[in-house]
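# Observations on chain architecture
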Amino acid sequence: MFETIAGILDWIGIAVFATTGALVASRKQMDIFGFSLLGTVTGIGGGTVRDLVLGNLPVFWVREPAYVIVCVLLSVLVFFTAHIPESRYRLLLWLDALGLALFAVVGAGMGLAADAGPVVAVVMGVITATFGGIIRDVLGGESPVILRREIYVTAALVAAVVFVGAIAVGLPREGAVIGGVLCGFAVRGAALHWGWSLPAYRARPGRVPED
Amino acid sequence: MFETIAGILDWIGIAVFATTGALVASRKQMDIFGFSLLGTVTGIGGGTVRDLVLGNLPVFWVREPAYVIVCVLLSVLVFFTAHIPESRYRLLLWLDALGLALFAVVGAGMGLAADAGPVVAVVMGVITATFGGIIRDVLGGESPVILRREIYVTAALVAAVVFVGAIAVGLPREGAVIGGVLCGFAVRGAALHWGWSLPAYRARPGRVPED
Amino acid sequence: MFETIAGILDWIGIAVFATTGALVASRKQMDIFGFSLLGTVTGIGGGTVRDLVLGNLPVFWVREPAYVIVCVLLSVLVFFTAHIPESRYRLLLWLDALGLALFAVVGAGMGLAADAGPVVAVVMGVITATFGGIIRDVLGGESPVILRREIYVTAALVAAVVFVGAIAVGLPREGAVIGGVLCGFAVRGAALHWGWSLPAYRARPGRVPED
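A few points on the structure. (Residues numbered from 1 in each chain as written. Chains lettered and ligands numbered in written order. Predicted model: local features only at pLDDT ≥ 70, side-chain atom pairs only at ≥ 80, totals over all residues.)

### Let's talk about the environment of Val70(C)
Along the chain, the position of Val70(C) falls in helix H4 (residues 66–81). A residue is classified by how many C-beta atoms lie within 10 Å of it, and Val70(C), with 19 of them, is partly exposed. (Helix = DSSP H or I, 4+ residues; strand = E, 2+ residues; numbered from the N terminus. Buried ≥ 20, exposed ≤ 12 C-beta atoms within 10 Å, placed from the backbone.)

Have a look at this one:
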């Protein structure tokens, strides 16, 4: 039962991130195979980093190619439909928020399954959640979403901490998963909707270094 | 015989990519050790990603340091000769095209050798072929070549699909390798020469997100 | 005794790089969790790449979470104190120089411990030393420090070569470690202080490619 829920959420997260990768490709006016590469790398990127550092090799999508096929199909779908939403960037941010919450919990769960202890499990959740988007933004030449002012890393952290904490106090794993995802998505969604941000470091911004 | 051909093509691909890395270093006016680092990382980058996700560890250049030595020597050679070609960027693009075709086939062959099935083999070919250049462009502060308008990812895909398809229908492996490389290089070369591109997503380019 | 010294230097290197990551976060006015992520990824980044290519999996910080905790605590500390130094960028460069020398030696030592031969050990040292900073600059949207004109990669190379050479001629390992770190830091520090640079490739800088 738990494996089923975690597996489904993992699939949703991968599909959602693949869609954000394809949306970035649309912003850059790439062709259909560029969409497929950027969508696929974004969808599987976070989980690939997670599997690498945990030593789960070969990584998940080598063992189960269906992940790759779904990412490619979704990218192609976005290629033909990206003109429909009114603001692709807004859609991208909201899907990214959903993927962020899902991957934070799934990644933390993988960390726990590897007997890595709660701290590493939380870090694994945050890294899984953020690295897909980082790879997407670096490859797509976008300003990395982690640099945006609103709450972002914090939401991934909330999702992972709620999940790991709920497991630690003995709640059922299904509840822990759902609670973590909902809390993380709520925090990031609220930040997007109301422009929430934590107090930023504000003394002085960095100047561009003289060369 | 097949191992010999694949091994030779792998060497050529690494040498060619190392040269493109050193050419980027020349565009950025780096010193001789900057050339060596960027050349080496570019030469071995795609294969390193491939070995990591397949779990072939330690990666190939730890097992066989000669790869690193060749990359360093080529980088030094470029440091002293990069003023000779009329357009370094044009040379860079053509060498990149050759490396792209070679690595797509070699990477796909490694995927097949790992019993990963045809889909993963093709993806492995595309990732091996594109990630060396991606790492080079990100480290060198260049606009990533995958974002250029002409056919790029498509050429890697053609090379990998022709190779995997030829193996699947039972052609001799030497022929599959050579056919894949020639088709991939022809497609990318034609795109460079005549400015071919696939229909791009064109509804609207992305705006710079308001901060 | 040697393990103790190498272990202490590894800790110092990680702490120093984590601090530079948090300083970049302060230049970008990130919030406290953004500081923590960028500090942690920078602190553990170089060693993670090293462990991955050597196949030391799971990577070191999964086996020993204390590394992550220290990186997070230092990042939080920087969040509250980054206004104190007169020039954060100058501090960042000097700490980066120290981390560079430390990681070059520790990375090369790991390469030797994996029986990888002297060439791979030196390359491992250079990659460990430079990749933490590369990941930091790419994620933080800074111009990568390896592109700066002064001696940088060279200093990492000096540290790794002095260490590996000293081991090869039979000097005691403690002396080799300390000699490597001092030489590397001296070279990079002198370059920062006096603006030293090696002869750069100067024929023509690259033009921005027409699109």
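### Description of helix H7 (residues 153–168) of chain B
Residue and element names in this part refer to chain B. Counted at 1.5 Å a residue, the expected span for H7 with its 16 residues is 22 Å, and the 22 Å between its end C-alpha atoms agrees. The buried count for H7 comes to 13 of 16 residues, which makes it a mostly enclosed element. Following H7 by one or two positions, Gly170 has its phi on the positive side, about 90 degrees. (Expected span 1.5 Å × (residues − 1).)

### With respect to the packing of helix H2 (residues 32–54) of chain A against helix H4 (residues 66–81) of chain A
Residues and elements named next belong to chain A. Taken N-terminus to C-terminus, the directions of H2 and H4 make an angle of 130 degrees; their axes are 8 Å apart at the nearest point. Classified by the angle between their axes, H2 and H4 sit oblique to one another. In this structure, H2 meets H4 at a crossing whose hand is right-handed. Across from Ile32, Phe35, Ser36, Gly39, Thr40, Gly43 and Ile44 in H2, the residues of H4 making contact are Tyr67, Val68, Cys71, Val72, Leu74, Ser75, Val76, Val78 and Phe79. Along the lines of polarity and charge, the residues of the contact of H2 with H4 split into eleven nonpolar, five polar and no charged. (Axes fitted to C-alpha atoms, helices over the stretch in contact; angles between N-to-C directions. Parallel < 35°, antiparallel > 145°, perpendicular 65-115°, else oblique. Left-handed = near helix turned anticlockwise from the far one by under 90°. Contact = placed C-beta atoms within 7 Å. Nonpolar A, V, L, I, M, F, W, Y, C, P; charged D, E, K, R; others polar.)

### Thoughts on the relation of the copies chain C and chain A
The two chain copies are connected by a rotation around an axis plus a translation along it. Each copy of the sequence occupies a distinct position, and chain C is placed on chain A by a rotation of 120 degrees and an axial shift of 0.0 Å, giving an RMSD of 0.0 Å. Within this description, the copies of the chain are treated as partners about a three-fold rotation axis. The share of interface residues of chain C whose copies in chain A are also at the interface is only 7%, consistent with the copies meeting through different surfaces. (Least-squares fit on C-alpha atoms with pLDDT ≥ 70 in both.)

### So, the interface of chain C and chain A
Listed by partner, the interface residues are 28 residues for chain C and 32 residues for chain A. Looking at which element gives the most residues to the side of chain C that touches chain A, the answer is helix H2 (residues 32–54) of chain C, with six residues. Class assignment for the residues of the side of chain C that touches chain A results in 18 nonpolar, six polar and four charged.

### Things to note about the interface of chain B and chain A
Contact residues are listed per partner, giving 32 residues for chain B and 28 residues for chain A. Taken together, the residues that form the side of chain B that touches chain A break down as 23 nonpolar, seven polar and two charged.

### Remarks on the relation of the copies chain B and chain A
Under the fitted operation, chain B is carried onto chain A by 0.0 Å of movement along the axis and a turn of 120 degrees, and the coordinates agree to an RMSD of 0.0 Å. Comparing interface residues between copies, only 9% of those in chain B also sit at the interface in chain A, which points to a heterologous contact through distinct surfaces.

### A closer look at the packing of helix H5 (residues 88–113) of chain A against helix H7 (residues 153–168) of chain A
Residue and element names in this part refer to chain A. Where H5 meets H7, the closest approach of the two axes is 8 Å, and the angle between their N-to-C directions is 40 degrees. Between H5 and H7, the crossing angle belongs to the class labelled oblique. Of the two possible hands of crossing, H5 and H7 adopt the one that is right-handed. For the pair H5 and H7, the contacting residues are Leu100, Ala101, Ala104, Val105, Ala108, Gly109 and Leu112 in the first and Ala155, Ala156, Ala159, Ala160, Phe163, Val164 and Ile167 in the second. Residues that form the contact of H5 with H7 fall into these classes: 13 nonpolar, one polar and no charged.

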